[in-house]
Amino acid sequence: MRAIWKGAVSFGLVSIGVKVYSATEEKDIRFHQVHREDGGRIRYKRTCSVCGEEVTYDDIAKGYDIGGGEMVILTDEDFADLPLSTSHAIDVLEFVPAEQVDPILYNKAYFLEPEGSATKPYVLLRDALSDSERVAIVKVALRQREQLATLRVREGVLLLNTMLWPDEIRRPDFGFLDEDLKVRPPELAMASSLIDSMAGEFEPDAFTDDYRAALQEVIDAKVEGREVVQPEEEEAAPAAAVDLMAALKASVERARAARGEAPSGGGAEPTPISSARSAKKAAKKAPARKPAEKKAEPAKKTAAKKTPAKKTAAKKAEPARKTAAKKTTAKKAAAKKSA
């Protein structure tokens, strides 16, 4: 990395020499405008709209449009007396709790590296900041502009976050903010269930710029002269939901499926809405049979099985009865003859 600024952090009577480095970089793929026929770069000339002549950088000044076609021209002498700090100092103004700084104020981030013999006071300020759980509010002049910024610790390094001024934050002015919209408790409960089902720990490395990767693949294919493979299309965004509750419930189920969890109807913990619906369905159904009736049913089946057995035994016993009857008749006839 190359330092873009050198100065000192003014911490009370302590001065800490530092080098400033850009902490972030944009990974966008940039293109040049070229002539389609031969690939030549398209150049733009700086020309004056009044005389039509090409103007060099030395002849360019800053102008402020005051309206009505009139322009105020400012020279370097006009900027010389402005109260812009040129001492290359990062002045610590106060220390505040980090949660009091609205993230919308943050602009750009820079690493601070100690310079020369400033390592010990640098580490002292770093450790004191970490122990206090606060951030330092500072003022610094970067790129010909005075800026408000914070100093905090990230991975053992002091991080300078420049901030926007409060009057640079726009206020939202939308019609729906004045409407009296009511959210029903069941809808809020289902939305909360959706948030819970999608809850997790933020891991930035888990997210990638799929468009940039696909575009780089197209460029590499062009360079290598091979066939360009059409990247897979992403799933189309769902249409606007008409039934808010149905959309919320479907979202909860899809989030659970993505996390490998069982759906709400398959043993998962019921949501407030699904519990209420299950209770209503159960009330509409016919009353369930009593446990005693359920136990009696197998007994009836067993008794039914035994009945055919009794009938079979009765059939077998019937010939025996007939035989016994015949013998009795024969004995009676013999007795009459002997008499």
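These numbers come from a predicted model, not from an experiment.

A. Representation of the overall build of the protein chain within the structure. Helix and strand content of the protein chain: seven helices and nine strands. Out of the 339 residues in the protein chain, the part that is buried amounts to 17%. Residue pairs at least 24 apart in sequence account for 59% of intrachain contacts in the protein chain once pairs closer than 6 positions are excluded. Entry remark: accessible area of the protein chain is about 27900 Å², with carbon and sulfur atoms responsible for 54%.

B. Layout of helix H5 (residues 244-258). An ideal rise of 1.5 Å per residue puts 21 Å on 15 residues; H5 measures up with 21 Å between its terminal C-alpha atoms. Of all the residues in H5, the buried ones are Met245, Leu248, Val252, Ala255 and Arg256. Taken down its axis, H5 places every buried residue within 100° of arc, on the same side. For H5, the exposed residues set more than 90 degrees away from the buried face come down to Arg254, Ala257 and Ala258.

C. Inspection of the confidence of the model for the protein chain at higher detail. Per-chain confidence: the protein chain averages 77 in pLDDT, with 71% of residues scoring 70 or above. In the model of the protein chain, helix H7 (residues 291-338) stands out as the element of lowest mean pLDDT, 48, in contrast to strand S9 (residues 157-163), which has the highest, 95. Below pLDDT 50 for its whole length, residues 290-296 participates in one contact with residues either more than four positions away or in separate chains. Here residues 299-317 is a poorly scored stretch, pLDDT under 50, and it has zero contacts once near neighbours within four places are set aside; other chains count.

D. Geometry of the nonpolar core. Counting 21 residues, the largest nonpolar core has Val9, Ile90, Leu112, Val138, Leu151 and Leu160 as the members making the most contacts within it. Of all the elements in the fold, those that place two or more residues in this core are strand S1 (5-11), strand S2 (14-22), strand S5 (89-97), strand S6 (106-114), helix H2 (119-132), strand S7 (134-142), strand S8 (145-154) and S9. The element contributing the most residues to this core is S7, with four residues. In contact with Leu112, other than residues within four places in its own chain, are Val9, Val18, Lys19, Val20, Ile90, Tyr122, Leu151, Val157, Leu158 and Leu160.

E. Quick peek at a negative patch on the surface. Together, Asp76, Glu77, Asp78 and Asp81 line one region of the surface with negative charge. The residue Asp76 is located in helix H1 (residues 76-80) in this model.

F. Structural context of the side chain of Asn161. Note that Asn161 resides in strand S9. For Asn161, a relative accessible area of 7% gives the class buried. Engagement of the side chain of Asn161 in a polar contact is seen with the side chain of Arg152, the distance being 3.3 Å.

G. Summary view of the sheet that holds S9. Strands sit in the order S1-S2-S6-S9-S8-S7-S5 around a closed barrel of seven strands; the barrel is mixed. Along the sheet, successive strands turn relative to each other by an average axial angle of 40°, direction set aside. One ladder, built from five bridges, connects S6 with S9; its direction is antiparallel. Across the sheet, residue Ala109 finds its bridge partner in S9, namely Asn161.

H. Structural detail: the packing of aromatic side chains. Per the counting criterion, the structure on display carries three aromatic pairs. Each ring, one from Phe11 and one from Phe95, has its centre 6.0 Å from the other, and the planes form 80°; the classification is edge-to-face. Residue Phe11 is located in strand S1, and its partner Phe95 is located in strand S5; the two are separated by 84 residues in the primary sequence. Classification of Phe95 as partly exposed rests on a relative accessible area of 33%. Taking the centre distance of 6.3 Å and the plane angle of 15° together, the rings of Phe174 and Phe176 count as stacked. Classification of Phe174 as partly exposed rests on a relative accessible area of 49%. Looking at Arg46, its charged tip hangs above the ring of Tyr57, at a distance of 4.0 Å from the centre.

I. Representation of the packing of helix H3 (residues 185-197) against H5. Close contact between H3 and H5 brings their axes to 9 Å; oriented N to C, the two are set at 20°. One way to sum up the angle between H3 and H5 is to call them roughly parallel. Crossing of H3 over H5 shows left-handed handedness. For the pair H3 and H5, contact is made by Pro186, Glu187, Met190, Ala191, Ser193, Leu194 and Ser197 and by Leu244, Met245, Leu248, Lys249, Ser251, Val252, Ala255 and Arg256, respectively. Class assignment of the residues belonging to the contact of H3 with H5 gives a composition of nine nonpolar, three polar and three charged.

Cut-offs used in this document
Residues numbered from 1 in each chain as written. Predicted model: local features only at pLDDT ≥ 70, side-chain atom pairs only at ≥ 80, totals over all residues. Heavy atoms only, no water. Helix = DSSP H or I, 4+ residues; strand = E, 2+ residues; numbered from the N terminus. Buried < 20%, exposed > 50% of the residue type's maximum accessible area, 1.4 Å probe, protein only. Contact = heavy atoms within 4.5 Å. Areas by Shrake-Rupley, 256 points an atom, 1.4 Å probe, with all protein chains shown as cover. Expected span 1.5 Å × (residues − 1). Arc of directions from axis to C-beta. pLDDT = per-residue confidence, 0-100. Core = buried A, V, L, I, M, F, W, Y, C linked by side-chain atoms within 4.5 Å. Patch = residues over 30% accessible without salt bridge, like charges linked within 9 Å, V, L, I, M, F, W, Y side chains within 5 Å. Salt bridge = Lys/Arg side-chain N within 4 Å of Asp/Glu carboxyl O. Lys, Arg positive; Asp, Glu negative; His and termini not counted. Charge placed at Lys NZ, Arg CZ, Asp CG, Glu CD. Polar contact = N/O pair within 3.5 Å; in protein donor to acceptor, adjacent residues only side chain to side chain. Pairing = 2+ DSSP bridges. Axes fitted to C-alpha atoms, helices over the stretch in contact; angles between N-to-C directions. Phe/Tyr/Trp six-rings, centres within 6.5 Å; stacked < 30°, edge-to-face > 60°. Lys NZ or Arg CZ within 6 Å of the ring centre and 35° of its normal. Parallel < 35°, antiparallel > 145°, perpendicular 65-115°, else oblique. Left-handed = near helix turned anticlockwise from the far one by under 90°. Nonpolar A, V, L, I, M, F, W, Y, C, P; charged D, E, K, R; others polar.

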